Amino acid sequence: MTDYLRYLPILIIPLLIFITCKLIRSSGTCIVCKKLAIGSPYRCSDGVICKDCSQLMPSSTLRSLKMEPASTVKRLIDITRSNIPRYRKIFDETSHFGNIHIDERNGLIALCSNREIKDGKLKSSCKNIFSVLNVQDCNFNIKTESSSENAVKVSIHFILVLAEPNITIKEQIGHATCNAHRVDYEHISYSEPSALTLFRSIFVGMLRQTWEKYDYMQSHNFISPQAVELTLSRALFMVDEQYTLNEIKRQRNRLIKAFHPDSNKDIDATKYTEKINNAYKILKDNLR
Ligand SMILES: [Zn+2]
């Protein structure tokens, strides 16, 4: 027994050093409010961010702050304070993919859990709301989770780069199973998940619509709701201003097929079929 006790300090001392280092690293003067912060899990490149200040920022950005300077954090808090309450008030969901909620008409994107939204309206707990006018770049990242003979399971990530302040946010859209075929012993090729196809066309459509609306608002004071619907429909069908009836017919079939409940268990197929048919009608009427 005494033998064991002799080794006890050898075990306890490194543990104490570890805890002290951890505490020192996570403590200090908050870079935003200058108050003393003890044991805060949030840091940027030049210091600690206290708990109170961290709550003034979109939680989706907190994970990516480690490399950012204090000036970025301060700018983010300023922008959040002035924009988020206003965005939350007007937000009206038109689509959602995992935790990504989209308001195509107002050009807003919210990264919130389904608990934070009710009847398309955001609850006050949701603080991750961005205007697509602040989007500098976006990208998608598909990661293979597992693969079998003729199916590949993937997770889809959405990468959003904001312009002001310049910051990158990564969010998972969801999982999908894609049809696969083996190219050779090592390589498997697979189709793009249809959830991604739809997300991409809706998101790009919203970007395009918001920019058009923004340009228009610079010179006029009013844009008709019909013009907005037409831009969104064109974007969903991935056609420009010059399109033919055959083109939109083909595209409608492709989209409807992609959102068939058989290939998409996670997506509300009825809702999207309705969306696709409605856009088709708008585009067809516009041809007359
Ligand atoms: Zn603070």
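Just above, that's the structure.
Presented here is an overview of the structure given in this document.

Cut-offs used in this document
- Residues numbered from 1 in each chain as written.
- Predicted model: local features only at pLDDT ≥ 70, side-chain atom pairs only at ≥ 80, totals over all residues.
- Helix = DSSP H or I, 4+ residues; strand = E, 2+ residues; numbered from the N terminus.
- Buried ≥ 20, exposed ≤ 12 C-beta atoms within 10 Å, placed from the backbone.
- Contact = placed C-beta atoms within 7 Å.
- Core = buried A, V, L, I, M, F, W, Y, C linked by C-beta atoms within 7 Å.
- Domains from an automatic or database assignment.
- Axes fitted to C-alpha atoms, helices over the stretch in contact; angles between N-to-C directions.
- Parallel < 35°, antiparallel > 145°, perpendicular 65-115°, else oblique.
- Left-handed = near helix turned anticlockwise from the far one by under 90°.
- Nonpolar A, V, L, I, M, F, W, Y, C, P; charged D, E, K, R; others polar.
- Expected span 1.5 Å × (residues − 1).
- Arc of directions from axis to C-beta.
- Pairing = 2+ DSSP bridges.

Helix and strand counts for the protein chain come out as eight helices and 14 strands. A buried classification covers 30% of the 288 residues belonging to the protein chain. Restricting the contact set of the protein chain to residue pairs at least 6 apart, pairs at least 24 apart contribute 46%.

With that settled, consider the nonpolar core. Core analysis: the biggest nonpolar cluster contains 60 residues, and C30, I49, A110, I129, A195 and F199 have the highest contact counts within it. In terms of residue count, the dominant contributor to this core is helix α5 (residues 194-219) (seven residues). Structurally, this core is a two-domain feature, drawing no fewer than three residues from each of domain 1 (14-50) and domain 2 (192-288).

This brings us to the environment of W211. Structurally, W211 is set in helix α5. Judged by the 14 C-beta atoms lying within 10 Å of it, W211 is partly exposed. W211 sits 104 residues away from G107 along the chain, and the two C-alpha atoms are 9.0 Å apart.

For any two helices packed against each other, the geometry is given by the interaxial angle and the distance between the axes. Helix α8 (residues 269-287) packs onto helix α6 (residues 225-236) with a crossing angle of 110° between their chain directions and a minimal axis gap of 9 Å. In terms of orientation, α6 and α8 fall into the roughly perpendicular class. Here α6 runs over α8; the crossing is left-handed. Residues E229, L230, S233, R234 and L236 of α6 form the contact with α8, whose participating residues are A279, I282, L283 and N286. Along the lines of polarity and charge, the residues of the contact of α6 with α8 split into five nonpolar, two polar and two charged.

Helix length check: α8 (19 residues) gives 27 Å between terminal C-alpha atoms against 27 Å at 1.5 Å per residue, within 8%. Within α8 the residues assigned to the buried category are Y272, K275, I276, A279, Y280 and L283. End-on, the buried residues of α8 take up no more than an arc of 135°, which puts them together on one face. When the buried face of α8 is taken as reference, the exposed residues oriented beyond 90 degrees from it are T270, E274, K281 and D285.

Here we take up the pairing of strand β12 (residues 151-162). A one-sided burial pattern is seen for β12, the buried positions being V152, V154, I156, F158, L160 and L162 and the unburied ones A151, K153, S155, H157, I159 and V161. For strand β11 (residues 135-147) and β12, the ladder comprises 11 bridges, and the chain directions are antiparallel. Paired with I142 across the bridge in β12 is I156. Connecting β11 to the antiparallel partner β12 that follows it, the hairpin turn spans three residues.

Another point: the sheet that holds strand β7 (residues 108-111). Ordered by their spatial adjacency, four strands build an open sheet running β5-β6-β7-β10, and the pairing between neighbours is antiparallel. Each end of this open sheet is capped by a strand with a single partner; those strands are β5 (95-97) and β10 (129-131). Here the average twist between neighbouring strands, direction ignored, is 20°. Here β5 runs beside strand β6 (residues 100-103); their pairing, made up of three bridges, is antiparallel. Note that in β6 the partner of F97 across the bridge is I100.

Of note, E104 is situated in the loop between β6 and β7. For E104, a count of 26 C-beta atoms within 10 Å translates into the label buried. Residues E104 and E229 lie 125 residues apart in sequence; the distance between their C-alpha atoms is 9.7 Å.

With omega at -10°, the peptide bond leading from E164 into P165 counts as cis. In this structure, K34 is a non-glycine residue whose phi angle is positive, near 65°. Relative to the elements of secondary structure, K34 occurs in the loop between β1 (28-29) and β2 (36-37). Although it is not a glycine, D119 adopts a positive phi angle of roughly 50°. With respect to the element layout, D119 can be found in the loop between β8 (117-118) and β9 (121-122). For D119, a count of 6 C-beta atoms within 10 Å translates into the label exposed.

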